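# Coordinate inspection notes
Here are the chains, one letter per residue:
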Amino acid sequence: MNYYNNLFCIISSISIFYGATDIKKVIVNVNNYLPKRIEDAVNRHSSALKDQLKKNPNDGKIINQLGIKYASINYIEEALRLFEKLETIKGWKIKAVINQANCRILLSDNEKAVRLYKVVLLEEPKNESALANLVLLYKQNNDEENAKLYYAKLIALNKEAANQYSYLMENDSVITEREGQPGKKINIQKIKWDNAKPEEK
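Reading the values: the criteria
Residues numbered from 1 in each chain as written. Predicted model: local features only at pLDDT ≥ 70, side-chain atom pairs only at ≥ 80, totals over all residues. Heavy atoms only, no water. Helix = DSSP H or I, 4+ residues; strand = E, 2+ residues; numbered from the N terminus. Buried < 20%, exposed > 50% of the residue type's maximum accessible area, 1.4 Å probe, protein only. Contact = heavy atoms within 4.5 Å. Expected span 1.5 Å × (residues − 1). Phe/Tyr/Trp six-rings, centres within 6.5 Å; stacked < 30°, edge-to-face > 60°. Axes fitted to C-alpha atoms, helices over the stretch in contact; angles between N-to-C directions. Parallel < 35°, antiparallel > 145°, perpendicular 65-115°, else oblique. Left-handed = near helix turned anticlockwise from the far one by under 90°. Core = buried A, V, L, I, M, F, W, Y, C linked by side-chain atoms within 4.5 Å.

All right, on to the overall build of the protein chain then. Scanning the protein chain for helices and strands turns up 11 helices and two strands. The order of α-helices and β-strands along the protein chain, N terminus first, is α-α-α-α-α-α-α-α-α-α-α-β-β. Per-residue burial for the protein chain yields a buried fraction of 46% across its 201 residues. Sequence separation of at least 24 residues holds for 55% of the intrachain contacts in the protein chain that already meet a minimum separation of 6.

Next up, the structure:
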């Protein structure tokens, strides 16, 4: 499990322990809940990436990693700015747009997120990140028809996809709010970030 998934697992565990159903609130108050050593590790990792970025301001891999890092600690606006810059770098457009859409989910701007994922699918109809995250969005909106439609497209990609993405249809992929707070939130631990280096063409 990679660094970001570890961080999200820790946050999710803390939210369950404290009875929180809105994981975003836990992230916003990350300093109150995370052990100091985790907070220090987060800051050190960001600092190292920022130092690398100063030396290589157009390095797509560093920009993308730093954007995901910011998003993981709820610095969403900062992450968006980095992904917007990433979009201008050759070879990184698709990954930048996917991660911009992921940020829009975290900002509860789901309509914009859907539009961005569909922009990706126009260029890459088999993009797994876009398909997987659309399933989550439609499930959140109680649109089971479209959720199943995009899930079917996703698991049709290859033999492993059905097992790999079965979690999307599990009950905890979206989290029901407490009484008095209607609606659902996407379980951010389930969001698929695109952090791989683009393939050479």
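Okay, helix α7 (residues 93-106) next. Compared with the 20 Å implied by 1.5 Å per residue over 14 residues, the 20 Å span of α7 between its first and last C-alpha is a close match. Burial within α7 is extensive, with 13 of its 14 residues counted as buried. Two residues or fewer after α7 comes serine 108, characterised by a positive phi angle close to 60°.

Of note, the phi angle at serine 108 is positive, near 60°, even though the residue is not glycine. The topology assignment puts serine 108 in the loop between α7 and α8 (110-123). Phi at asparagine 142 is positive, roughly 60°, even though this residue is not glycine. In this structure, asparagine 142 sits in the loop between α9 (128-140) and α10 (144-155). The exposure class of asparagine 142 is exposed, given its relative accessible area of 53%.

Before going further, it helps to examine the packing of aromatic side chains. The tally for this structure, following the rule as stated, stands at three aromatic pairs. On the numbers, 5.6 Å between centres and 15° between planes, the contact of tyrosine 138 with tyrosine 150 is stacked. Residue tyrosine 138 is located in helix α9, and its partner tyrosine 150 is located in helix α10; the two are separated by 12 residues in the primary sequence. Judged by relative accessible area, which is 8%, tyrosine 138 ranks as buried.

Further remarks concern the packing of helix α6 (residues 76-86) against α7. In the contact formed by α6 and α7, the axes pass within 8 Å of each other and the chain directions differ by 160°. In terms of orientation, α6 lies roughly antiparallel with respect to α7. Between α6 and α7 the crossing geometry is left-handed. Across from Ile76, Ala79, Leu80, Phe83, Glu84 and Leu86 in α6, the residues of α7 making contact are Ala96, Asn99, Gln100, Cys103, Arg104 and Leu106.

In this structure, Cys103, Tyr117, Leu134, Leu137, Tyr150, Tyr165 and Leu168 are the most contacted members of the largest nonpolar core, which totals 47 residues. At the level of elements, α4 (36-55), α5 (60-72), α6, α7, α8, α9 and α10 are the ones that each hand at least two residues to this core.

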